[in-house]
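So you can see what is in the structure, the chains are spelled out below.
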Amino acid sequence: MKKFRKVLDGLTTSSPVNAGGSPACGSAAGTPTAAPTPRELDIQETLMSEHFQICKTVRHGFPYQPTALTFDPVQKILAIGSRSGGVRILGRPGVDCFCQHESGAAVLQLQFLINEGALVTACADDTLHLWNLRQRRPAILHSLKFNRERITFCHLPFQSKWLYVGTERGNTHIVNVESFILSGYVIMWNKAIELSTKTHPGPIVHLSDSPKDEGKLLIGFESGTIVMWDLRSKRADFRIYYDEAIHSVSWHHEGRQFMCSHSDGSLSMWNLRNTAKPFQVTFPHGKSQRDGRKESCKPILKVEYKTCRNSESFVIFSGGLSYDKAGRRPTLTIMHGKAITVLEMDHPIVEFLVLCETPYLNEVQEPYAAVVLLEKDLIVVDLTQSSFPIFENPYPMDIHESPVTCTAYFADCPPDIIPVLYSIGAKHKKTGYSHKEWPVSGGTWTVGSQSYPEIIITGHADGSIKFWDATAITLQMLYKLKTSKVFEKPKGSETARGAELVEEDPYAVQMVSWCPQSRIFCVVGISAHIILYCFSRHDSNTAITSLEVRLQCEVEDVISPSDTENAVCLMDAGGHSPQPPSPRGNTPDGARDGARDSIPCLKVKDRVIRMPPGYQAELVVQLLWVDGEPPQQITIFPVMLALGNCNGLVVVDYLQKTIILCMTTLELYGSADPFQRLTRSPRKNRQSTSEFCMRGLSNFYSDSKKRIRTSYQSLTELSDNQVSLDQERSKSPTSGNRTPGSPAHHLKSRENSFSRSRSSSVSSIDRDTKEAVTTLHFAESYGRRSDVLPAPCLWVGTSLGLVLIVPMSIPTDEQERMEEPVTIAPTSTVLMLKGSVLRFSFLDCTGGLIHSPHEAWRDTHAPDDPERPRRRRLVNFSPCFSQEAGGDGHLAVVCSERQAKVFFMPSQACLYVHNITESSFVLRADVVAISNISNSVCLACFCANGHIMILSVKM
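Residues numbered from 1 in each chain as written. Predicted model: local features only at pLDDT ≥ 70, side-chain atom pairs only at ≥ 80, totals over all residues. Heavy atoms only, no water.

### Some remarks on the overall build of the protein
Heads up, the condition is: Per the convention used, a helix needs a DSSP run of H or I reaching at least four residues, while a strand needs a run of E reaching at least two, with both numbered from the N terminus. The contact definition used throughout considers only heavy atoms, calling two residues in contact when any of these lie within 4.5 Å. What sets the accessible areas is the Shrake-Rupley method with a 1.4 Å probe; for residues, cover comes only from the shown protein chains.
Helices and strands together make up the secondary structure of the protein, namely twelve helices and 58 strands. Across the protein, contacts joining residues at least 24 apart in sequence account for 60% of those joining residues at least 6 apart. Carbon and sulfur atoms provide 50% of the accessible area of the protein, an area that totals close to 42,500 Å².

Structural data, given as structure tokens:
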């Protein structure tokens, strides 16, 4: 048991009265206060560094840039290769494994050792790898490098120990799969073709064994030459010289015929009895022209020829459309007897396979499904039904159906929330899927010990929201919500105005906030709007309330009081008062853009709307254009409903649907402003504000895409230090900040090292010196030093490192709550940190995490039930925290981009401070309670240099 004076493991590295950082500075007027002497609290340290480690669990979503596909027809598992050297192995829902080649070379081809738990990969660096899949983590058993030839095609017959490898030079090598060494048997190209033929046949594009005789190997060359090679006699049985390039070959199961696909969009059928010419040539998509010739068609890249016992054969191929049909989407064509069905795909086809009932090539194939690998999707077609419906994909392949613009993770959700979301979402699912079970059904999957409900929410560029069940490492979509349905479709001049504000995706989701207990859900959109949703199991006919807010202020020149925070503590209490905004309407720019004033970016539907069960929109808050300037994008908001941006703060009472506070950031300080600010001239001020507004809004999504596509970025973009990536990685994230013996713990993620510049909003704020509201938190706390008991407060953090505490008075009686106004007034309380404030959290008297109170959910659209209570019920989520216990005070943990501080409330004294980083900055931070370690709390920080730091929040 240790005393509270060392509550923060790692935050104790600086003295509470340190002159350099002046962490004791906490009063509004800047008067220095001595560190308090609160009653000693005995808090036992339970967290240790060995409790934390970073490990990969599962990879969700569609494989990026897929290149290859294969299937094990016995084990019924699927493998997908990618351009970055990754291999994804999929089975029944929940069976999902990812492997990575260390070389990072693209995977050209995959071959399962059918029913043996092994996989052969051929990579672009001309290396073959044999993977062992019969262990918990698949690993490479053997590798074989080709130094003088480029690998173009591989073939591994069922139940064979010989792997046939074709090369760019036209030679065929044979590899012993058991020892994974070359056998020495090589079929040279000049021996495969006639000696009298001097023209090189080109690379090998096809290898297959004859269904009738496994000792016969069919070799297809790109130029159109086909050779049947007798492996025993080491000579050619026959040779075919065709004048069209070959792309693929497929056998009839009897081994007497085979079909070829060609570069001119034709299919040729060959009989082994007469190989002088094909007995049939067809152009499936080529029409006869007036001169009798077929119109030119695109190449048929692959063909599959599969036989059926009780019906005619299937011929399935990709490509082959005529060139005159420009703009048509990629297609998969299914020929079944005389019927031809063309399936259009949303993305280019990378590869496809036909799944058959038997793995033996010499048996009737009986195809039942076609797996189509697209550039951005995986489609499985049911071949047993004449309409060829697709199977509903159980894998979360459509995460990026529309680009993801934000994510949120929620653990330990109420146990009933997942079934409720699933039941509602199931009613809105697409129809027309095959009724048969998903054919990729191999592997075994067992639920692990981690069984608490987890939900991931993704926001997308098209304004859609998806709720995913992430429990036990699986990912299943539960429910989808479209925020665009709240707004009217823009027309005419409205379209032009929206296009100027946001070039594309005006409904893109910027942030989400969700209370799983009360089921209140809020969405921030890129067009400076917030939508509040309430959950109902019943449909309703409702008119959406819309509130419009004018929130604009002048850019101020900010003069920092000093290089240290000490100067803030020495300022006079009667500091500089806020300057009123300068008029801008009389400027030429203002006259030019004056027409755009007091208008929102989007128009909310102003009629009664039928809303289906699920999340139903009740309130929309929109920031308006002011004097020709677009609204700033919203940088932060909590569920309660408050929002902040570069201009100021707005607080909304969403029960009464009224605005209770709308102030600029400068007005929040009143006389307690710690900075000296000089108002710029109207013309200069106007120009910088307008440029910043447009840059912040129109570049939000494009900047997001750049960050997604370039996860490894140079640290030279950081505004703090021009430190190279290698130098930064070699340093500890806390170097220079820790004293000897300080047990602060940090973890580095080497595999997921992620460096990036700040988001457009934050970096622009820094450059333009506009003070933005960066974080908000509603809590039961103390707004003033003189407060005896905690009361509702709004904690406000800004981009200049300042913290303001705004007390609120909320009626407790339900009737009064709906009639009496909520009062809110800023106080003179100002706390200060280095860097933009990111996170607030609160600890109670025992060191436990205080969760924000929430309201118990009730369905407002449910039919009246006299036995069901209609009163609103507030739940205090911190069992050990009450007004009586809170009367002894509590702790406020504040984290910024560079520092973490602990303040004791209500005295507002800074107990401890820790400088997290000097060479980088914190992107995300949160105080987390570790559920499996009794009463343990830690501060988790994710830095821009890829470091993940965990600081114990007690000792």
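### Quick word on helix H2 (residues 417-426)
Applied cut-off: Exposure categories follow from relative accessible area, calculated using a 1.4 Å probe and restricted to protein chains: below 20% of the type maximum is buried, above 50% is exposed, and the middle band is partly exposed. The arc in question is the one traced by the directions running from the helix axis out to the C-beta atoms.
Listed as buried for H2 are Ile417, Ile418, Val420, Leu421, Ile424 and Gly425. Down the axis of H2, the buried side of the element spans an arc of 165 degrees, and every buried residue falls inside it. Contacts from the buried residues of H2 go to strand S29 (454-460), strand S30 (464-469), strand S31 (476-482), strand S32 (509-515), strand S34 (529-536) and strand S39 (614-623).

### Here's the deal with the sheet that holds strand S2 (residues 77-82)
Let me state the cut-off plainly: A pair of strands is labelled paired if DSSP reports no fewer than 2 bridges between them. Angles here are taken between N-to-C directions and fall from 0 to 180 degrees, while the axes themselves are lines fitted to C-alpha atoms, restricted in helices to the stretch in contact.
With respect to topology, four strands assemble into an open sheet ordered S1-S2-S3-S4, the strand pairing being antiparallel. Two strands bound the open sheet, and with one partner strand each, they are strand S1 (66-72) and strand S4 (96-100). The mean inter-strand angle of the sheet, taken between neighbouring strand axes irrespective of direction, is 20 degrees. Sheet analysis places S1 next to S2, joined by six bridges and oriented antiparallel. Across the sheet, Ala68 pairs through a bridge with Gly81, a residue of S2.

### Re the sheet that holds strand S5 (residues 107-113)
Across the sheet, four strands lie side by side as S5-S6-S7-S8; this open sheet has antiparallel pairing. Looking along the sheet, the strands with just one partner apiece sit at the ends: S5 and strand S8 (139-145). Each neighbouring strand pair of the sheet contributes to a mean axis angle of 20 degrees, computed without reference to strand direction. In this sheet, strand S6 (residues 118-123) lies alongside S5 in antiparallel orientation, the contact comprising six bridges. If you follow Gln109 over to S6, its bridge partner there is Ala122.

### Quick look at the UniProt feature "repeat: WD" (unreviewed entry) in the protein
What counts is decided by this rule: UniProt positions are given in the numbering used here, feature names are shortened, and annotations may be inferred rather than shown by experiment.
Mapped onto this numbering, the UniProt entry gives "repeat: WD" (unreviewed entry) at residues 239-274. Each end of residues 239-274 is marked by a C-alpha atom, and these two atoms are 11 Å apart; helix forms 0% of the span and strand 56%.

### Notes on unusual backbone geometry
The peptide bond linking Met905 to Pro906 adopts the cis configuration, its omega dihedral lying at 15 degrees. In the Ramachandran plot, Gln65 falls in the positive-phi region, its phi being about 50 degrees despite a non-glycine side chain. Here Gln65 shows up in the segment before S1. Its identity as a non-glycine residue notwithstanding, Phe388 has a phi of 50 degrees, on the positive side. As for its placement among the helices and strands, Phe388 is situated in the loop between strand S27 (378-382) and strand S28 (404-411).

### Some details on the packing of aromatic side chains
In plain terms, the rule: Pairs were defined over the aromatic rings of Phe, Tyr and Trp, the Trp ring being its six-membered one, requiring ring centres within 6.5 Å. Orientation was assigned from the angle between planes: stacked under 30 degrees, edge-to-face over 60, tilted for the rest.
In the structure shown here, the tally under the stated rule is 18 aromatic pairs. Measuring from ring centre to ring centre gives 6.0 Å for Phe487 and Tyr507, while their planes differ by 25 degrees; the resulting arrangement is stacked. A residue pair is termed long-range when its members are at least 10 positions apart, and Phe487 in the loop between S31 and helix H3 (493-501) and Tyr507 in the loop between H3 and S32 qualify at 20 residues. The same class applies to Phe487 and to Tyr507, which are both buried. For the pair Trp795 and Phe840, a centre-to-centre distance of 5.5 Å together with 65 degrees between the ring planes defines the contact as edge-to-face. Of this pair, Trp795 sits in strand S46 (residues 791-798) while Phe840 is found in strand S50 (residues 837-843), placing the two residues 45 residues apart along the sequence. The same class applies to Trp795 as to Phe840, namely buried.

### Looking at the confidence of the model for the protein
Short version of the rule: The predictor's confidence in any single residue is recorded as pLDDT, a number from 0 to 100.
Looking at the protein as a whole, the pLDDT averages 77, with 74% of positions reaching at least 70. When the criterion is pLDDT under 50, residues 555-594 qualifies, and its contacts beyond four places in sequence or with other chains add up to 92 contacts.

### Quick look at the pattern of salt bridges
Opposite charge on two side chains permits them to pair, given that their charged atoms come into close proximity. The criterion, for reference: Any carboxyl oxygen of Asp or Glu that lies within 4 Å of a side-chain nitrogen of Lys or Arg is treated as forming a salt bridge with it.
Taken as a whole and judged by the stated rule, the model has 20 salt bridges. Put simply, Glu344 and Arg329 hold a salt bridge, and the shortest N to O gap is 3.4 Å. Taken together, the positions of Glu344 in strand S24 (residues 339-344) and Arg329 in the loop between strand S22 (314-319) and strand S23 (331-336) put the pair 15 residues apart, joining distant regions of the chain. Of the residues examined, Glu344 reaches a relative accessible area of 38% and is grouped as partly exposed. In this structure, Arg519 and Asp416 form a salt bridge, with 2.8 Å as the shortest nitrogen-oxygen distance. Separated by 103 residues along the polypeptide, Arg519 in the loop between S32 and strand S33 (520-525) and Asp416 in the loop between S28 and H2 bring together distant segments of the chain. A relative accessible area of 38% places Asp416 in the partly exposed class. One salt-bridge network, held together by shared partners, links Lys302, Glu304, Lys306 and Glu351.

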